[in-house]
Amino acid sequence: MRTERTKRLLGLLATLAAAAILATGCGSDSKKSNSSTPNVGATTTTNAPQTKADAVQRCKDEANKLTGQAKQTALASCNAIETGNNNGVKAQAKKQCLDATKQITDANARKKAEAACNKFN
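What counts and how
- Here, residues in each chain are numbered from 1, in the same order as that chain's written sequence.
- Thresholds applied to this predicted model are a pLDDT of at least 70 for local features of residues and 80 or more for the giving and counting of side-chain atom pairs; totals over whole chains, interfaces and linings are not thresholded and use all residues.
- For the side-chain quantities, the full set of heavy atoms in the structure was used; hydrogens and water were omitted.
- Each helix corresponds to a stretch of at least 4 residues labelled H or I by DSSP, and each strand to a stretch of at least 2 residues labelled E; elements are numbered beginning at the N terminus.
- Whether two residues are in contact is decided by their heavy atoms, any of which lying within 4.5 Å being enough.
- Every accessible area reported is derived by Shrake-Rupley at a probe size of 1.4 Å, with residue values counting cover from the shown protein chains alone.
- For this document, the term salt bridge refers to a Lys or Arg side-chain nitrogen within 4 Å of an Asp or Glu carboxyl oxygen.
- Here's how the labels work: a residue is buried when its accessible area is under 20% of the maximum for its type, exposed when over 50%, partly exposed in between, all with a 1.4 Å probe on protein chains only.
- Working definition: a disulfide is two cysteine sulfur atoms within 2.5 Å of each other.

Engineer: Which parts of the structure should I look at to understand the overall build of the protein?
Structural biologist: Counting secondary structure elements, the protein contains five helices and zero strands. Going residue by residue from the N terminus, the α and β elements of the protein occur as α-α-α-α-α. Put simply, 47% of the contacts in the protein that link residues at least 6 apart link residues at least 24 apart. When the accessible surface of the protein is summed, it comes to about 8,200 Å², and 53% of that surface belongs to carbon and sulfur atoms.

Engineer: Would you explain the pattern of salt bridges in this entry?
Structural biologist: Inspection of every chain in the model, using the stated rule, returns four salt bridges. With its nearest N and O atoms 3.3 Å apart, the salt bridge here joins D99 to K95. Separated by four residues within a single helix, D99 and K95 lie in helix α4 (residues 87-101), roughly one turn from each other. K95 gets classed as partly exposed once you look at its relative accessible area, which sits at 43%. One connected set of salt bridges, linked through shared partners, spans K95, D99 and K102.

Engineer: Just checking my understanding: could you explain the environment of K111 for this structure?
Structural biologist: With respect to the helices and strands, K111 occurs in helix α5 (residues 107-117). Taking relative accessible area as the criterion, K111 reaches 59% and is therefore assigned exposed. For the pair K111 and T101, spaced ten residues apart in the sequence, the C-alpha separation amounts to 8.4 Å.

Engineer: Please explain the state of the cysteines as it appears in this structure.
Structural biologist: What is meant by a disulfide is a covalent connection between two cysteines, made through their sulfur atoms. As enumerated under the stated definition, the model contains two disulfides in all. Disulfide partner of C59: C78, at an S-S distance of 2.0 Å. With the S-S bond torsion at -85°, the cross-link from C59 to C78 turns out left-handed. One end of the pair, C59, is in helix α2 (residues 52-63); the other, C78, is in helix α3 (residues 68-83), and 19 residues separate them in sequence. The exposure class assigned to C78 is buried, which follows from its relative accessible area of 0%. Between the sulfur atoms of C97 and its disulfide partner C117 the distance amounts to 1.9 Å. Its S-S torsion of about -70° marks the bond between C97 and C117 as left-handed, since a negative value means left-handed. Residue C97 is found in helix α4, and its partner C117 is found in helix α5; the two are separated by 20 residues along the sequence. Residue C97 is classed as buried on the basis of its relative accessible area of 0%. The exposure class assigned to C117 is buried, which follows from its relative accessible area of 0%. Going through the protein in sequence order and numbering each bonded cysteine, the pairs you get are 1-2, 3-4.

Okay, here's the thing in structure tokens:
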């Protein structure tokens with residue numbers, strides 16, 4: 001059971017780290033991409049946002065479909081895309097991460113998880 005909780009926490013940490021990285025890497029107003037990376041997921045070239053403002057609005061629309069801390073973290077990511085400042089998303093991701101560690105009953109595992117969360121500075 002402990003390993004299952006650890007796996008879930010590590011998955012959460014990976015997701016939050018990916019969100020923080022995504023937020024810091026987005027934000028170009030350019031309509032053309034120099035990347036050869038294909039589109040992934042539901043966004044295609046026919047429905048992709050055409051401007052940064054469109055992308056931010058879509059981000060907020062999707063974030064509003066979530067609940068609780070996940071919604072707050074997602075909205076912070078959207079704001080980071082809009083402003084270029086990722087401090088808010090880092091703080092929200094750290095808060096969500098630390099709150100998740102409270103579910104870990106093993107004190108040693110909880111301390112390790114808290115240390116990982118504190119890297120969101």
